[in-house]
Amino acid sequence: MDLFQHSVHVITAHQAPTGAYVASPHFPVYRYSWFRDGAFIAYAMDLAGQHGSARSFHDWAIRTILRHARKAERAIEKAARSEPLGQDYLHTRYTLEGEEGPEGWPDFQLDGFGTWLWALSEHVQRTGVSLTPDGQAAVALAARYLSALWARPCYDLWEEHPHYQHPYTLAAIYAGLRAAGTLLGAEGHALIEVAEQVRRFVLTHGVQEGRLVKYIPPAPDPAYRIDASLVGVATPYRLLPPEDPLMRATVASIERELRCPGGGVHRYRADTYYGGGEWVLLAAWLGWYYMEVAEIQRARELLDWVEAQADAEGHLPEQVSGHLLAPERYGEWEARWGPVAKPLLWSHAKYLILRCALQST
Ligand code: BGC
């Protein structure tokens, strides 16, 4: 089976008629569409030439943001008055129809909107389509929302640690503001200025011992100091160039502290979710970074590892459990939510991105 074509198929099969991508179809709490997952999936589909699919996700995102515009506006007003947000914020995941989910979730997360703006501008550049008036309105609102709220602590991309600021999240916001600045033309100049403030903040507060940190202020416990998602600061968000010495040192720490020799990549040392396995999408993401710094052999090794994680049906999971960081914590998650999510569309998407990067060499 060719895992490239099969991954396109898995993603297409689980895209709702509304354009939403379900995060994982058989895992109850993942039967939603996340801005973060969806943005990377749409980007991967653009790379695979599936522009209609990407377009349809972006249309869902535009409709969803506009449907919840009043909440976003209230959040912006509250930020201007330095008030707590209460329930006034955009959610990280919505139902496939773009509604809020009925059950509680750690929803105040900002990175997904930055990633979405970045993926949308990649889509526009690749396809030459122009934004509709609704598209312009959603981009402008998402960008004003991020400009107003970027300095507030929020849940990170793993939906944890809400009392901190996260260089990963800030980098996604940086990329999103720059993308919106470009998409909105003259109107967008101020956004580029805010993006610059975000970048300066990360470089001033988000670095310790020559490496980026998982969160700000940095944790005293080293098990919370490095996070594999930090590759995103360069690839693709470009808050730093991939070859910057700070990125190189950060990635070297990820290799040393979070990579299983010859295998996959853990999220962070203290991870206990499903026992803290190796994440397929992180292995592919690290490979994508290596392609950007022309370390092709390393990228290829990661690709081979990812491909070996597909089951007989060609499905990639969220994480694999052969080398757990906290094996004693696996059972409680399985009892709560069942086996690890599979297929996870975001894993397939990151695999497609790495395959496309390798094909272009
Ligand atoms: C992960 C998120 C992801 C979500 C849906 C969560 O467990 O921490 O990063 O967006 O699953 O895939």
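It should be emphasised that the depicted structure is a prediction, and the values quoted were computed from it without experimental measurement.

Asker: What exactly am I supposed to notice about helix H11 (residues 296-308) here?
Answerer: An α-helix turns once every 3.6 residues. As a result, residues three or four positions apart point the same way. With 13 residues, H11 ought to run about 18 Å at 1.5 Å a step, and its terminal C-alpha atoms sit 18 Å apart, in line with that. Restricting attention to buried positions, one finds in H11 the residues Ala299, Leu302, Leu303, Trp305 and Val306. On an axial view of H11, the arc spanned by its buried residues comes to 160 degrees, and they lie on one face. Turned more than 90 degrees away from the buried face of H11 sit Gln297 and Ala308, all of them exposed. Packing partners of the buried residues in H11 comprise strand E5 (278-279), helix H10 (280-292), strand E6 (319-320) and helix H13 (345-359).

Asker: Please explain the pattern of salt bridges as it appears in this structure.
Answerer: A side chain of one charge can pair with a side chain of the opposite charge when the charged atoms of the two come close. Going through the model one piece at a time under the given rule, you end up with 27 salt bridges. Here Arg238 makes a salt bridge to Glu292, at a shortest N to O gap of 2.9 Å. In this pair, Arg238 sits in the loop between strand E4 (211-212) and helix H9 (245-258) while Glu292 sits in helix H10, placing the two residues 54 residues apart along the sequence. Between Arg298 and Glu295 there is a salt bridge, with the nearest N and O atoms lying 3.2 Å from each other. Using a relative accessible area of 25% as the deciding quantity, one classes Glu295 as partly exposed. Within the structure, one salt-bridge network assembled from shared partners comprises Arg36, Asp37, Asp111 and Glu159.

The rules we used
Residues numbered from 1 in each chain as written. Predicted model: local features only at pLDDT ≥ 70, side-chain atom pairs only at ≥ 80, totals over all residues. Heavy atoms only, no water. Helix = DSSP H or I, 4+ residues; strand = E, 2+ residues; numbered from the N terminus. Expected span 1.5 Å × (residues − 1). Buried < 20%, exposed > 50% of the residue type's maximum accessible area, 1.4 Å probe, protein only. Arc of directions from axis to C-beta. Contact = heavy atoms within 4.5 Å. Salt bridge = Lys/Arg side-chain N within 4 Å of Asp/Glu carboxyl O.

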